[in-house]
Amino acid sequence: MFRKVLSFINNLPRLHFWAIISLFFFLLIVSLIPPSKHGGTIKKELTLPISGSLKGDYAVAEPSTANRDANNQLLPDFSANREVDITISAGDTLSEIFSNESISAAVLQELLEADTEYLRLANLIPGQVVQLLVSPDNQLLSLKVIIDRANTLSFVLKDGVYTSNLEIKEGEWRNSYYQGSVTGSFYVSAKKSGLSASQIQQVSSALSGQFDFNRQLRVGDTFHVLVAKQYIEGAYSFDSEVLAIIIKTHSRNYTAFLNEDGRYYDQKGKGLSKAYRRYPVNGKPRISSRFNPHRLHPITKRVSPHNGTDFAVGVGTNVYATGDGVVLRAGYHPAAGNYIVIKNSRRYTTRFLHLSKILVHKGQRVAIDQLIAKSGNTGRSTGAHLHYEFHVNNKPVDAMKVDLPLSQEVPRNELKDFNARRDLSLREMGEL
């Protein structure tokens with residue numbers, strides 16, 4: 001076969017032979033040229049003209065530039081911003097997270113400064129979720145921390161400054177009724193009825209000035225407790241308040257009902273605990289900086305709210321709880337220093353910043369006048385002082401001007417509402 005092909009080629013005219021050779025090399029060269037990256041498709045934006053005849057009951061075509069003018073782009077912005085979701089594990093810190101994402105350490109300092117209103121960034125808890133939005137040049141555009149079912153804290157970069165916002169889901173409050181008989185210690189008996197350790201502590205604290213649970217209770221005495229529990233999206237948030245208490249002993253009955261001011265009163269409206277105190281330190285110390293929502297920050301030189309009252313006291317001055325409550329947080333924050341947050345009621349919260357020493361712990365129930373800390377100069381501070389805040393419904397107010405419950409009984413103008421809530425609780429407990 002090869003000899004026949006070779007004989008055929010040798011018998012070809014010389015002109016035809018060179019034509020075949022030239023065609024072969026041409027095809028070889030063409031086959032080696034890489035294909036075009038753009039292919040053979042030519043893309044062109046089509047603009048439809050507006051016809052005067054397409055009016056009335058007919059749709060009118062709009063040029064594509066109309067959408068471009070409205071949104072400054074023809075298509076959605078598929079930018080190179082990246083989203084990062086991280087579920088916090090034991091030992092995780094924002095500093096490490098930012099380092100892994102190549103975010104400047106200076107950004108963390110700016111965020112901590114913006115966090116002084118909420119004090120939530122310094123100590124992340126396992127299970128919390130952190131969400132980051134980062135630009136192509138590793139600039140943090142926004143940070144969101146899902147603290148728990150009820151609270152989400154966000155920071156957004158706007159005009160070169162991070163602004164913070166705490167979203168709080170109020171949820172739904174439902175009442176639960178517990179009752180039982182004393183068979184041993186009150187604590188063990190109450191636990192068997194379904195009350196939590198925190199709720200038992202609330203019961204004991206509410207009646208501590210009227211009743212001795214260790215000495216006055218006898219086997220067969222009964223207790224009746226109405227508790228309000230918070231549910232977020234149908235799930236129990238583990239936030240609760242004891243609304244009403246009845247202890248029935250062999251000699252008499254003891255009652256306690258929670259008022260709107262966070263204090264407990266008996267069935268007749270007489271106070272069972274001391275009223276709030278205005279100052280967190282003894283005496284009336286000099287105020288070095290008052291509550292001011294438009295203050296110029298002495299260090300950053302930016303306009304930022306001063307949500308508390310600064311008392312000019314030396315390091316080591318005794319700091320006292322200004323009302324009964326439970327410690328929500330106690331720890332260290334780079335801007336606030338050593339700090340304590342106390343939940344005094346569903347309505348009231350108090351905060352103490354720049355402490356030298358903390359004498360209470362998270363979850364501890366404290367009483368008014370109880371020593372909780374020593375003043376100091378920790379965190380971002382210009383000198384020794386105590387920064388004290390009073391919050392009403394999660395909003396800071398002037399602690400020196402807020403209308404505090406200072407009387408030993410329900411004020412006359414609030415007595416009607418108190419009696420209505422008391423009767424409602426008694427009906428739910430089957431006592432009315």
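Anyway, here's the lowdown on the structure attached to this text. Every value quoted in this text rests on a predicted model; they were computed, and no experiment measured them.

Within the chain, the regular secondary structure consists of eight helices and 20 strands. For the chain, the proportion of its 432 residues judged to be buried stands at 39%. Expressed as a percentage of contacts within the chain between residues at least 6 apart in sequence, the contacts between residues at least 24 apart total 60%. For the chain, the computed accessible surface area is about 25,300 Å², with 53% contributed by carbon and sulfur atoms.

When two helices pack together, their arrangement is given by the angle between the helix axes and the distance between those axes. Relative to each other, helix α6 (residues 186–193) and helix α7 (residues 197–206) sit at 130 degrees, their axes nearing to 10 Å. Taken together, the axes of α6 and α7 are oblique relative to one another. Of the two elements, α6 crosses α7, and the hand of that crossing is right-handed. Residue-level contacts link Phe186, Tyr187, Ala190 and Lys191 of α6 to Ala197, Ile200, Val203 and Ser204 of α7. Residue composition of the contact of α6 with α7, by class: six nonpolar, one polar and one charged.

A word on the packing of aromatic side chains. Any two aromatic rings considered together are summarised by their centre-to-centre distance and by the angle between their planes. Per the stated rule, a full pass over the model turns up 12 aromatic pairs. Centroid distance tyrosine 231 to tyrosine 236: 5.6 Å. Interplanar angle 40 degrees. Geometry classified as tilted. Seen in terms of ring centroids, tyrosine 348 and phenylalanine 390 are 5.3 Å apart; in terms of plane orientation they differ by 55 degrees. Their pairing is tilted. One end of the pair, tyrosine 348, is in strand β16 (residues 348–358); the other, phenylalanine 390, is in strand β19 (residues 386–392), with 42 residues separating them in the sequence. Residue tyrosine 348 is classed as buried on the basis of its relative accessible area, which comes to 4%.

The rules behind the values
- Residues numbered from 1 in each chain as written.
- Predicted model: local features only at pLDDT ≥ 70, side-chain atom pairs only at ≥ 80, totals over all residues.
- Heavy atoms only, no water.
- Helix = DSSP H or I, 4+ residues; strand = E, 2+ residues; numbered from the N terminus.
- Buried < 20%, exposed > 50% of the residue type's maximum accessible area, 1.4 Å probe, protein only.
- Contact = heavy atoms within 4.5 Å.
- Areas by Shrake-Rupley, 256 points an atom, 1.4 Å probe, with all protein chains shown as cover.
- Axes fitted to C-alpha atoms, helices over the stretch in contact; angles between N-to-C directions.
- Parallel < 35°, antiparallel > 145°, perpendicular 65-115°, else oblique.
- Left-handed = near helix turned anticlockwise from the far one by under 90°.
- Nonpolar A, V, L, I, M, F, W, Y, C, P; charged D, E, K, R; others polar.
- Phe/Tyr/Trp six-rings, centres within 6.5 Å; stacked < 30°, edge-to-face > 60°.

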